[in-house]
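Coordinate inspection notes
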Amino acid sequence: MSIKGFSIAALLGASMLSGAVFAEEPVESGNPPEEVTQAGDVASKIVVGWIEKGLILPEQTAVKIKIDSGALISSMHAVNLEEFTRKNKKWVRYDVTVKDIDTDERVTMNFEQPLYRKMTVRGAGGVDHRPVVKMRMCIGNRVFEEQFSLRDRSDMNYPVLLGRQTIDHIGLIDVASTFMLPLDCPDSGLEKNAAASRG
């Protein structure tokens, strides 16, 4: 193919020899934009594996947690969900049945939490409305209070999934590793949860 006697190949060859660059805007050198992550920022982050061990508080039951950057909101396995009103506020009652990875025993935890909000999930199966509550978990040596959507995850491999909103508080993901953080929960965090559970 040619344009006024010049072939496309010839034009490209000439541009390569002359060092020309085809771009809509010139490439600038110098300092990167402020929003670019710097090496120092990365070095200060905690690195987690794509599977970690964590405690569901205040029950202190150890479970496997999947770190999933493909999800926005964290999710926790819950069954027997029942919404009710307490002091003119909406609450939700639910059971969390998991395998404690320290004892290999099945454990059922009963929770009553204020309903933080409702979320709507649209998928191939239709529209699903899920309650969202705030719960505390210990991962590594830190306690996090995060939003969790509640749903039956019995068909999933992991009872707890941490999404991007939670990952942002924790650190970076090493997708080739698992169980990178030894569980060493601070006593103050456990005591706070114990006091909260007593009301």
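Below is a short write-up of the structure. (Residues numbered from 1 in each chain as written. Predicted model: local features only at pLDDT ≥ 70, side-chain atom pairs only at ≥ 80, totals over all residues. Heavy atoms only, no water.)

A closer look at the pairing of strand β4 (residues 61-67)
Of all seven residues in β4, five are buried; the element is thus mostly enclosed. By the bridge criterion, six bridges tie strand β3 (residues 46-56) to β4 in an arrangement that is antiparallel. For L55, the partnering residue across the bridge sits in β4 and is A62. With antiparallel pairing between neighbouring strands as the criterion, β3 and β4 make up a hairpin whose turn holds four residues, including Q60 at a positive phi of roughly 60°. The pairing of β4 with strand β12 (residues 160-162) spans three bridges and is classified as parallel. Within the sheet, the bridge partner assigned to K66 lies in β12 and is L161. (Buried < 20%, exposed > 50% of the residue type's maximum accessible area, 1.4 Å probe, protein only. Helix = DSSP H or I, 4+ residues; strand = E, 2+ residues; numbered from the N terminus. Pairing = 2+ DSSP bridges.)

Observations regarding the state of the cysteines
Tallied over the entire structure, the rule returns one disulfide. Here C138 connects covalently by a disulfide to C185, the sulfurs 2.0 Å from one another. The sign of the -115° torsion about the S-S bond sets the C138-C185 disulfide as left-handed. Pair noted here: C138 is in strand β10 (residues 126-139) and C185 is in the loop between β13 (171-178) and α4 (187-197), with a separation of 47 residues, a long-range link. Per residue, the accessibility class of C138 equals that of C185, and both read buried. (Disulfide = S-S within 2.5 Å.)

Shape descriptors only; they carry no functional weight alone.
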